[in-house]
Amino acid sequence: MKNKSEKFYDKAYDWMIQSGPSFILGIVVLFVGLWLIRLFVKWSQTRLSKKKVNPSIHPFLMSLLAVALRILLVLGVMQIMGIQMTLFAALIGAFGVAAGLALSGTLQNFASGILILLLKPFTVGDNIITQGMEGTVTSIQIFYTQIKTFDNRDLIVPNGQLSNQVIINISRSGSRRLDINLKFTNNIDFKQVKGIINSAIDKCENILATPERRIGVGELQPDGYMVSINVWVNSHGFQDTKLALQETLLEDIKGAGVKIPGM
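First things first, this report covers the structure right here in the doc. All values reported here derive from a predicted model rather than from experimental measurement.

### Some thoughts on the overall build of the protein
Now for step 1: Counting its secondary structure elements, the protein contains 8 helices and 8 strands.
Now for step 2: Scored against the burial criterion, the 263 residues of the protein give a buried share of 28%.
Now for step 3: The contacts in the protein between residues at least 6 apart in sequence include a share of 63% that link residues at least 24 apart.
Now for step 4: Of the accessible surface of the protein, which amounts to about 17,100 Å², a share of 61% is contributed by carbon and sulfur atoms.

### Observations regarding the packing of helix H7 (residues 190-203) against helix H8 (residues 238-255)
Now for step 1: Interhelical geometry of H7 versus H8 gives an angle of 135 degrees and a closest axis separation of 9 Å. One way to sum up the angle between H7 and H8 is to call them oblique. Note that H7 runs across H8; the crossing there is right-handed. Note on element contacts: H8 touches H7 through Leu245, Thr248, Leu249, Asp252 and Ile253, opposite Ile196, Ile197, Ser199, Ala200, Ile201 and Lys203.
Now for step 2: The residue makeup of the contact of H7 with H8, split by class, is 7 nonpolar, 2 polar and 2 charged.

### What about the sheet that holds strand S8 (residues 224-234)?
Now for step 1: Spatial strand order, S6-S8-S7: 3 strands in an open sheet with antiparallel pairing. Looking at the sheet topology across the chains shown, the edges are occupied by strand S6 (175-184) and strand S7 (214-221). Within this sheet the neighbouring strands show an average axis-to-axis angle of 25 degrees, counted without direction.
Now for step 2: Relative to S8, S6 runs antiparallel, the two being bridged by 10 bridges. Looking at S8, one finds that Arg176 is bridged to Val233.
Now for step 3: The sheet strands contacting H7 are S6, S7 and S8, and the helix crosses S8 at an angle near 20 degrees.

### What to know about the sheet that holds strand S1 (residues 127-130)
Now for step 1: Sheet architecture is open: 5 strands sit in the order S4-S3-S2-S1-S5, paired in antiparallel fashion. Two strands lie at the open edges of the sheet, namely strand S4 (154-158) and strand S5 (168-169), each paired on one side alone.
Now for step 2: Examined bridge by bridge, S1 and strand S2 (residues 133-140) share 4 bridges and lie antiparallel to one another. Looking across to S2, one finds that Thr130 is bridged to Met133.

### Points about the nonpolar core
A general feature of soluble globular proteins is that nonpolar side chains tend to end up buried together.
Now for step 1: In this structure, Phe184, Ile197, Ile201, Val227, Ile229 and Leu245 are the most contacted members of the largest nonpolar core, which totals 24 residues.
Now for step 2: Looking at this core, the elements that each hand over two or more residues are S6, H7, S8 and H8.
Now for step 3: In this structure, Ile229 is in contact with Leu178, Asp179, Ile180, Leu182, Ile197, Ile201, Arg214 and Leu249, ignoring residues within four places of it in sequence.

### Concerning H7
Now for step 1: When the terminal C-alpha atoms of H7 are compared, their 20 Å separation across 14 residues agrees well with the 20 Å that a helix rising 1.5 Å per residue should span.
Now for step 2: Listed in full, the buried residues belonging to H7 are Val193, Ile196, Ile197, Ala200 and Ile201. The buried residues of H7 occupy one face: seen down the axis, they fall within an arc of 135 degrees. Residues Lys191 and Asp202 are exposed on H7 and point more than 90 degrees away from its buried face.
Now for step 3: At its buried positions, H7 is contacted by S6, S7, S8 and H8.

### Let's talk about a nonpolar patch on the surface
Now for step 1: The grouping of Phe23, Ile24, Ile27, Val28, Phe31, Val32, Trp35, Leu36 and Leu39 at the surface amounts to a nonpolar patch, some 830 Å² of accessible area in total.
Now for step 2: Assignment of secondary structure puts Leu36 in helix H2 (residues 20-50).
Now for step 3: Classification of Leu36 as partly exposed rests on a relative accessible area of 45%.

### Details of unusual backbone geometry
Now for step 1: The omega torsion across Thr210 and Pro211 is -5 degrees, close enough to zero to call that bond cis.
Now for step 2: Among the structural elements, Pro211 can be located in the loop between H7 and S7.
Now for step 3: You will see that Gln131, though not glycine, has its phi angle at about 55 degrees, which is positive.
Now for step 4: Within the secondary structure layout, Gln131 lies in the loop between S1 and S2.
Now for step 5: Judged by its relative accessible area of 36%, Gln131 is partly exposed.
Now for step 6: Unusually for a residue other than glycine, Asn152 sits at a positive phi of about 70 degrees.

Rules of the game
- Residues numbered from 1 in each chain as written.
- Predicted model: local features only at pLDDT ≥ 70, side-chain atom pairs only at ≥ 80, totals over all residues.
- Heavy atoms only, no water.
- Helix = DSSP H or I, 4+ residues; strand = E, 2+ residues; numbered from the N terminus.
- Buried < 20%, exposed > 50% of the residue type's maximum accessible area, 1.4 Å probe, protein only.
- Contact = heavy atoms within 4.5 Å.
- Areas by Shrake-Rupley, 256 points an atom, 1.4 Å probe, with all protein chains shown as cover.
- Axes fitted to C-alpha atoms, helices over the stretch in contact; angles between N-to-C directions.
- Parallel < 35°, antiparallel > 145°, perpendicular 65-115°, else oblique.
- Left-handed = near helix turned anticlockwise from the far one by under 90°.
- Nonpolar A, V, L, I, M, F, W, Y, C, P; charged D, E, K, R; others polar.
- Pairing = 2+ DSSP bridges.
- Core = buried A, V, L, I, M, F, W, Y, C linked by side-chain atoms within 4.5 Å.
- Expected span 1.5 Å × (residues − 1).
- Arc of directions from axis to C-beta.
- Patch = residues over 30% accessible without salt bridge, like charges linked within 9 Å, V, L, I, M, F, W, Y side chains within 5 Å.
- Salt bridge = Lys/Arg side-chain N within 4 Å of Asp/Glu carboxyl O.

In structure tokens, the structure reads:
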């Protein structure tokens, strides 16, 4: 009758004969697969650089790719070794559901950040209007975008909100139209007013020559008329140009002896 040690050796020998080759093959596949994954990740990173994909998302995309390939490799090795996947799959599914519920908002921000970096509805340095605020984009991260408002406040907006709401990019085209409306009484000649306005605009260096300026009567009222002024200026520095032009207009109109109602 065989003793315990002989039974153990017999079982070990049987396992080596039946499962040993699959186990060794699985180990070989694991190490070869890890080596191939490293090569593939390096190749993918090179391809992304050549395609000029935003460098900010390179680490995240490469990490995501590497993790996904390694998970697939481990699952394949377990199949080769004959390890039962039922319990493992159930645990992975339960963990995935729990993590998805807990991180739904974070994952949405992550996906939105990737889309913003790839599609580029705005880039760092653009002036945009969002959440009722206007400012300059200073940083685009995977989960949030940082905006510096014109009164020097830092606005941190989750990318999920930026991807689901209307974003007004006010600097992408490079120029903006500046609109100013002035009211005059009916006893003031419009041609005189137009000449003063044209002279004031000529004094402002930041007014663009094209598209051409427009000056006209925008509205007729019982006690006077509204003069509409449309000029084009650079997007960056829009507010400074507006203030400078309004100051020049005010000085020239008053200097010509023309009265503006209420002043």
